[in-house]
Amino acid sequence: MARRVSCGSEELHVLAVDDSNVDRKVIERLLRISSCKVTAVESGSRALQYLGLDGEKNSVGFDGLKVNLIMTDYSMPGMTGYELLKKIKQKSSALREIPVVIMSSEKVLARIDRCLEEGAEEFLMKPVKLSDVKRLKSFILRGEADVHGEKQTQKRKLEEDPWSASPPLSSSTSSLSGNLSPSPPPSPSSTLQPLSKRTRL
């Protein structure tokens, strides 16, 4: 059963997946200290149900909260963290952008490589430390700010310079000058005419 813990004023929402009740409590506590919202589930199938990827009409769904990060244990009965990662990255183009972090108490290099190649953001060794959570939070929030800032910059440029989509003036000038034939040299009379006007002034 999904259990949500709200803490602090930050908007970062983490879905924590672990079959161990003790490990879930540890992750919840670390995330709570880091001022995150936490939804904790005990299996990969429950995580898919919460995300709405189980194909059932009665799925729990997002419950109105955007998920910014998924942290899942690797070794779980029924569905491993690797299998959950594959389903998240393959089933939905909207959810595949959510960073997924795999946690494990076993340092198996082939397992780590496989998860990273499948799209995992990081592979953390248990026990997970507070410094790990803070680093992940900083990374996610920085990414959100970069995306938001880029959109705001593009909007400002469009408002300030509505002609930005037009081709540069230099290219128009060069193409225009290329179509003009060279002017013949001025005749002596045409050269003297402006000078006489200037003299009268």
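Residues numbered from 1 in each chain as written. Predicted model: local features only at pLDDT ≥ 70, side-chain atom pairs only at ≥ 80, totals over all residues. Heavy atoms only, no water.

*Asks:* Explain the overall build of the protein chain to me, please; I cannot follow it from the model alone.
*Replies:* Scanning the protein chain for helices and strands turns up seven helices and six strands. When the elements of the protein chain are put in sequence order from the N terminus, they spell out β-β-α-β-α-β-α-β-α-β-α-α-α. Relative to all contacts within the protein chain whose residues are 6 or more apart in sequence, the contacts with residues 24 or more apart total 65%. A total of about 12,800 Å² of accessible surface is found on the protein chain, and carbon and sulfur atoms cover 55% of it. (Helix = DSSP H or I, 4+ residues; strand = E, 2+ residues; numbered from the N terminus. Contact = heavy atoms within 4.5 Å. Areas by Shrake-Rupley, 256 points an atom, 1.4 Å probe, with all protein chains shown as cover.)

*Asks:* So what exactly am I meant to see when it comes to the packing of aromatic side chains here?
*Replies:* For any two aromatic rings, the description comes down to two numbers: the centre-to-centre distance and the angle of the planes. According to the stated counting rule, one finds zero aromatic pairs in the structure shown. Here the basic side chain of Arg114 rests over the ring of Tyr82, its NZ or CZ set 4.2 Å away from the ring centre. (Phe/Tyr/Trp six-rings, centres within 6.5 Å; stacked < 30°, edge-to-face > 60°. Lys NZ or Arg CZ within 6 Å of the ring centre and 35° of its normal.)

*Asks:* Hey, could you run me through the pairing of strand S6 (residues 122-125) in this one?
*Replies:* Two faces belong to every sheet, and in a regular strand the side chains alternate between them. Pairing between strand S5 (residues 100-104) and S6: four bridges, direction parallel. Note on S6: the bridge partner recorded for Ile102 is Phe123. In this view, the connection linking S5 to its parallel neighbour S6 by way of helix H4 (residues 109-118) has right-handed handedness. (Pairing = 2+ DSSP bridges. Right-handed = clockwise from strand over helix to strand, strands pointing away.)

*Asks:* Explain the pairing of strand S2 (residues 13-17) here, please?
*Replies:* Within S2, five of the five residues are buried, leaving the element largely enclosed by the surrounding structure. The alternating pattern of S2 places His13, Leu15 and Val17 and Val14 and Ala16 on opposite faces, both of which are buried. With five bridges connecting them, S2 and strand S3 (residues 37-41) associate as parallel partners. Residue pairing for S3: His13 is matched across the bridge by Lys37. With helix H1 (residues 21-33) bridging S2 and the parallel S3, this β-α-β connection has right-handed handedness. Taken together, the four bridges between S2 and strand S4 (residues 69-73) define a ladder with parallel strand orientation. Looking at S4, one finds that Val17 is bridged to Thr72. (Buried < 20%, exposed > 50% of the residue type's maximum accessible area, 1.4 Å probe, protein only.)

*Asks:* Hey, could you run me through the pattern of salt bridges in this one?
*Replies:* A pair can form between side chains of opposite charge whenever their charged atoms are brought close. Enumeration according to the criterion identifies six salt bridges in this entry. In this structure, Lys126 and Asp23 form a salt bridge, with 2.9 Å as the shortest nitrogen-oxygen distance. Taken as a pair, Lys126 in the loop between S6 and helix H5 (130-160) and Asp23 in helix H1 lie far apart in primary sequence, 103 residues in all. Linking Arg135 and Asp132 is a salt bridge whose minimum nitrogen-to-oxygen distance equals 3.3 Å. Highlighted residues: Arg135 and Asp132, both in helix H5, separated by three residues, approximately one helical turn. Accessibility expressed as a relative area gives 38% for Arg135, which makes it partly exposed. Each of the salt bridges in this network shares a partner with another, and the network as a whole consists of Asp18, Asp23, Asp73 and Lys126. (Salt bridge = Lys/Arg side-chain N within 4 Å of Asp/Glu carboxyl O.)

*Asks:* What should I look at first to understand the nonpolar core in this one?
*Replies:* Soluble globular proteins tend to bury their nonpolar side chains together. By size, the foremost hydrophobic cluster in this structure holds 25 residues, and its most contacted members are Leu15, Val17, Leu51, Ile70, Ile102 and Cys115. Setting aside chain neighbours within four positions, we find Val17 in contact with Val41, Ser43, Gly44, Ala47, Ile70, Met71, Thr72, Asp73, Met76, Leu84 and Met103. With 17 residues, the next largest nonpolar core counts Leu12, Leu31, Leu69 and Ile140 among its residues. (Core = buried A, V, L, I, M, F, W, Y, C linked by side-chain atoms within 4.5 Å.)

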